[in-house]
Amino acid sequence: MHTDTPGSVTTVYKVTGMSCGHCEGSVSGEISQIPGVSSVKAVASTGEVTVVSEVPLDDEAVRAAVDEAGFELAGRA
């Protein structure tokens, strides 16, 4: 687990189906609504979504957010 600052956790997830900037925005928007999330960076070309949060996130909450955006969480990168 890589942490940048005290009290923050960085987790990288793999998301399938993202193909453009709009996809990145949809995924980022849904994940950013999870309580405790401070930043989200989605990259369609790699399928990776980097999430910085105050505490480790519940993978099921992330999965639900990704599903809501219309994509599939493949797991952690």
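## Some words on the pattern of salt bridges
- Taken as a whole, this structure holds three salt bridges when the rule is applied.
- Note that Glu48 is salt-bridged to Lys14, the shortest N-O span being 4.0 Å. You can see Glu48 sitting in strand β3 (residues 48-53) and its partner Lys14 sitting in strand β1 (residues 9-16), a full 34 residues away along the chain.
- Classification of Glu48 as partly exposed rests on a relative accessible area of 31%.
- Relative accessible area serves as the criterion here: at 30%, Lys14 is assigned to the partly exposed category.
- Across the salt bridge formed by Arg63 and Glu60, the nearest N and O atoms sit 3.5 Å from each other. Here Glu60 and Arg63 lie together in helix α2 (residues 59-68), a separation of three residues that amounts to about one turn.

## Section: α2
- Looking only at α2, the buried set comprises Val62, Ala65 and Val66. Seen along its axis, α2 keeps its buried residues to an arc of 100°; they face one direction.
- On its buried face, α2 sits against β1, α1 (21-31) and β4 (72-76).
- Two residues or fewer past α2, Gly70 is found with a positive phi of approximately 95°.

## Structural notes on the sheet that holds strand β2 (residues 37-43)
- A sheet is described by the order of its strands in space; here four strands give the open sequence β2-β3-β1-β4, paired in antiparallel fashion. Every interior strand has two partners, whereas the edge strands, β2 and β4, have only one. Within the sheet, the average angular offset between the axes of one strand and its neighbour, ignoring direction, is 30°.
- Judged from the six bridges that link them, β1 and β3 form a sheet pairing that is antiparallel. From the neighbouring strand, Tyr13 faces β3, where its bridge partner is Val49.
- Contacts from α1 reach β1, β2 and β3 within the one sheet, and its direction differs from that of β2 by about 160°.
- Across the sheet, α2 lies against β1 and β4, angled at about 150° from β4, the strand it touches most.

## A few points about α1
- For α1, the full list of buried residues reads Cys23, Val27, Ser28 and Ile31. Take α1 and look down its axis: the buried residues cluster within an arc of 125°, on one side only. Counted as exposed and oriented over 90 degrees from the buried face of α1: Gly21 and His22.
- For α1, the secondary structure elements touched by its buried residues are β1, β2, β3 and α2.

What counts and what doesn't
- Residues numbered from 1 in each chain as written.
- Predicted model: local features only at pLDDT ≥ 70, side-chain atom pairs only at ≥ 80, totals over all residues.
- Heavy atoms only, no water.
- Salt bridge = Lys/Arg side-chain N within 4 Å of Asp/Glu carboxyl O.
- Helix = DSSP H or I, 4+ residues; strand = E, 2+ residues; numbered from the N terminus.
- Buried < 20%, exposed > 50% of the residue type's maximum accessible area, 1.4 Å probe, protein only.
- Arc of directions from axis to C-beta.
- Contact = heavy atoms within 4.5 Å.
- Pairing = 2+ DSSP bridges.
- Axes fitted to C-alpha atoms, helices over the stretch in contact; angles between N-to-C directions.

From the geometry alone we can't say anything about function, so treat these as descriptive.
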